[in-house]
Amino acid sequence: MTSVARPAPASGRPPAYLQVAQLTKRFGSATVLHDLNLTVEKGEFVSLLGPSGCGKTTLLRLIAGLMRPETGRIVIADRELTRVPAHKRQVGVVFQNYALFPHLTVAENVAFGLTNQRRSRDEIKRRVGEALQLVRMAPFADRSVSALSGGQQQRIAVARAIVVEPAILLLDEPFSALDRKLRETMQIELRHILRDLGITSIFVTHDQDEALVMSDRIAVMNEGQIEHLGTPADIYTSPKSLFVLEFVGLSTRLGGTVVSSHGGEVEVETAFGRMRAPAQFRPGSPVVVAVRPEAISIGESEGDGRNVVRARLTDVVYLGAKTQLHLRGERSGDLIQAEIARLPPGGLPSGSELALTWRVEDTMVFPAPASAAS
Ligand SMILES: Nc1ncnc2c1ncn2[C@@H]1O[C@H](COP(=O)(O)OP(=O)(O)OP(=O)(O)O)[C@@H](O)[C@H]1O
Ligand SMILES: [Mg+2]
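For every chain, the first residue of the written sequence is number 1, and numbering continues from 1 along that sequence. All chains are assigned letters beginning at A, and all ligands numbers beginning at 1, according to the order in which they are written. For a predicted model such as this one, the threshold for reporting local features is a pLDDT of at least 70, and the threshold for listing and counting side-chain atom pairs is 80 or more; totals across whole chains, interfaces and linings nevertheless cover every residue. Calculated side-chain values reflect all of the structure's heavy atoms, with hydrogen atoms and water omitted.

**Remarks on the pattern of salt bridges**
The term salt bridge refers to a pairing of a side-chain nitrogen on Lys or Arg with a carboxyl oxygen on Asp or Glu at a separation within 4 Å. Enumeration according to the criterion identifies 19 salt bridges in this entry. The shortest N-O distance in the salt bridge between R359 and D362 comes to 3.1 Å. Residue R359 is classed as partly exposed on the basis of its relative accessible area, which comes to 37%. Burial classification: accessible surface area is computed with a 1.4 Å probe over protein chains only, and a residue below 20% of its type maximum counts as buried, one above 50% as exposed, and the rest as partly exposed. A relative accessible area of 25% places D362 in the partly exposed class.

Structure below.
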């Protein structure tokens, strides 16, 4: 790798390791990525999370150099890559459908990139051995890859990508074909390997749990843009938009209108009465008030600094470590979801009316979506 000495920045932070700036990609008349910006620090693991068709794979392909953007820049380690062809970018890629060479052995598959780089036989043997050790596949070196299970093939795909010590590793839903148990094991293993090697990675998934488990930061994408880039906790507790709130985790969402605003707090009129929340909106604004299920408690402890709703219990779902309650507002029909650690003694009969409360500070407010504002 050519390393360029970098002068210390005059002020502020050094530039990020990966910088994607104002990237736009069109297919015909459809704009698939709009002016997209993303920065990733060295050694960081960032997930791209978003619904099907939002542009995750397109972004990866642009970073890998497999496609050209209409506008924008891609820089890795101070190297402008926008016009550099894929094979000169030092980018490792792992796809959903392994894409291993079926006629080659495990070791030959892993050696592929090093052979292309014309490394010596000794070096190739050593590095392939180390990579297979890392993914716990050393005993399979001489097997045909077509004689491996899905999980084993995926490990080989990972070994093949990391053996060349890529400047960045791009993974596109690599575990989506695996069963749940194996997927969870692979998530943890891959995370350890990449952390140990300090490899900067971008991981595409539409599985929010996978993103929460694995990532240093998550980029939630919607229609070709990143709506929120933040730590898993940040995304969950302070989502930047209604879309991010709805895409990651469960929530109760109630429509309303802001009636007053002062001291960083608003009061919102909803079908359940007035609610308070830390936010700033003009009186008269149509909004959505939201709360996470685990922030809700049952009972009358209204006290100060809590919002209250009364609703009828429709379902009790036992999930082992917690119990989920589904309720409906009598007049509005709004669905409310709460999670409690333990049912009260005697249980909760379906159809009973409950008072639910949560702290004002756990209450989120978003502008109402345009279509629901009327
Ligand atoms: N080569 C192409 N030609 C035309 N349109 C394309 C092409 N590749 C992707 N698209 C379109 O671009 C949009 C984004 O596609 P992309 O594959 O990036 O989505 P994604 O977020 O990876 O979705 P998924 O979760 O389903 O894999 C989609 O509307 C898709 O139909
Ligand atoms: Mg995709």
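**Some points on helix α5 (residues 180-197)**
In this text, helices come from DSSP runs of H or I with a minimum length of four residues, and strands from runs of E with a minimum of two, each type numbered from the N-terminal end. What a helix should span is 1.5 Å times the count of its residues minus one. With 18 residues, α5 extends 26 Å between its outermost C-alpha atoms, agreeing within 8% with the 26 Å of an ideal straight helix rising 1.5 Å per residue. Among the residues making up α5, those that are buried are M186, Q187, E189, L190, R191, I193 and L194. Residues are treated as being in contact if the distance between any of their heavy atoms lies within 4.5 Å. On its buried face, α5 is in contact with β3 (45-49), α3 (121-134), α4 (150-162), β7 (168-172), β8 (201-205) and α6 (208-214). Structurally, the start of α5 carries an N-cap: the backbone nitrogen of K181 is 3.1 Å from a side-chain oxygen of D179. The first or second residue beyond α5 is G198, which carries a positive phi of 65°. In protein, a polar contact requires one atom able to donate a hydrogen and another able to accept it; more generally it is a pair of N or O atoms within 3.5 Å, and residues adjacent in sequence count only if both atoms are side-chain atoms.

**Considering the nonpolar core**
Nonpolar side chains in soluble globular proteins tend to end up buried together. V110, V128, L132, I156, L169 and L190 are the most contacted members of the largest nonpolar core, which totals 36 residues. Broken down by element, this core gets its largest block of residues, six residues, from α4. V128 has contacts with A107, V110, A111, L114 and V163, leaving out every residue within four places of it along the chain. In this structure, L23, V40, L59 and A167 belong to the second largest nonpolar core, which totals 29 residues. Definition used in this section: a nonpolar core is a set of buried Ala, Val, Leu, Ile, Met, Phe, Trp, Tyr and Cys residues joined via side-chain atoms within 4.5 Å.

**Thoughts on the domain arrangement of the protein**
Assigned domains within the protein: domain 1 (18-245) and domain 2 (252-343 + 350-372). A separation of 39 Å is found between the C-alpha centroids of domain 1 and domain 2. Opposite the eight residues of domain 1 that make contact, domain 2 presents nine residues. Reported buried area values correspond to the accessible surface (1.4 Å probe) lost by two parts on association, with both partners' losses combined. With both sides pooled, the region where domain 1 packs onto domain 2 buries about 700 Å², and carbon together with sulfur makes up 66% of that total. Ranking the residues of domain 1 by area buried against domain 2 places Y236, L242 and L245 at the top, with a combined share of 82%. At the surface where domain 1 touches domain 2, the tally comes to two residue pairs in polar contact (both at pLDDT 80 or more). If you list the elements that add at least two residues to the side of domain 1 that touches domain 2, you get α7 (232-237) and α8 (242-247). Boundaries of every domain are those given by an automatic assignment or by a domain database.

**A closer look at the site of ligand 1**
Around ligand 1 sit F27, V32, P51, S52, G53, C54, G55, K56, T57, T58, E173 and H206, and those are all the residues in its vicinity. C54 places a polar main-chain atom, nitrogen or oxygen, 3.3 Å from an oxygen atom of ligand 1. Residue exposure ignores everything except the shown protein chains as possible cover, and the areas themselves are Shrake-Rupley values with a 1.4 Å probe. If ligand 1 stood free it would expose 640 Å²; the protein chains cover 55% of that surface. As a working rule, the residues Ala, Val, Leu, Ile, Met, Phe, Trp, Tyr, Cys and Pro are called nonpolar, Asp, Glu, Lys and Arg charged, and the rest polar, with Gly in that last group. For the shell around ligand 1, the residue count by class is four nonpolar, six polar and two charged. Here a residue is considered near a molecule or strand provided that any single heavy atom belonging to it is located within 4 Å of it.

**Overview of the sheet that holds β7**
At least two bridges found by DSSP between two strands are what make those strands a pair. Pairing is mixed in the open sheet, where six strands are placed in the order β6-β7-β8-β3-β9-β10. In the strand order of this sheet, the two ends are held by β6 (91-94) and β10 (225-230), each with one partner. Each strand axis lies, on average, 20° off the axis of its neighbour in the sheet, ignoring direction. In this structure, β3 lies alongside strand β9 (residues 217-222), joined through four bridges in parallel fashion. Note on β9: the bridge partner recorded for L48 is A219. In this description, a line fitted to the C-alpha atoms serves as the axis of each element, helices being fitted only across the stretch in contact, and the angle between N-to-C directions of two axes falls anywhere from 0 to 180 degrees.

**What to know about the environment of V317**
Tracing the sequence through the fold places V317 in strand β16 (residues 306-318). The exposure class assigned to V317 is partly exposed, which follows from its relative accessible area of 28%. In this structure the C-alpha to C-alpha distance between V317 and D122, which are 195 residues apart in sequence, comes to 59 Å. Residue contacts for V317: discarding those within four places in its chain leaves K322, T323, Q324 and H326.

**Some remarks on the sheet that holds strand β11 (residues 252-262)**
The strand order across the open sheet built from five strands is β13-β12-β11-β14-β20, with neighbouring strands paired in antiparallel fashion. The open sheet is flanked by β13 (273-278) and β20 (364-367), the only strands paired with a single partner. Averaged over all neighbouring strand pairs, the angle between strand axes comes to 45°, with direction disregarded. Relative to β13, strand β12 (residues 265-270) runs antiparallel, the two sharing six bridges. Bridging from a neighbouring strand, E267 pairs with R276 of β13.

**A short note on α4**
Residue pairs spaced three or four apart in an α-helix point in one direction, given the helix's 3.6 residues per turn. Compared with an ideal rise of 1.5 Å per residue, which puts 13 residues at 18 Å, α4 spans 19 Å between its outermost C-alpha atoms and is within 8% of the ideal. α4 sits mainly inside the fold: 11 of its 13 residues count as buried. Taken as a whole, α4 has its buried residues at G151, Q153, Q154, R155, I156, A157, V158, A159, R160, A161 and I162. In this fold, the buried residues of α4 make contact with β6, α2 (106-116), α3, β7 and α5.

**A word on unusual backbone geometry**
Positive phi, close to 70°, is recorded for D78, a residue that is not glycine. Mapped onto the elements, D78 comes out in the loop between β4 (71-76) and β5 (79-80). One non-glycine residue, E165, lies in the positive phi region at around 50°. As for its position among the elements, E165 is in the loop between α4 and β7.

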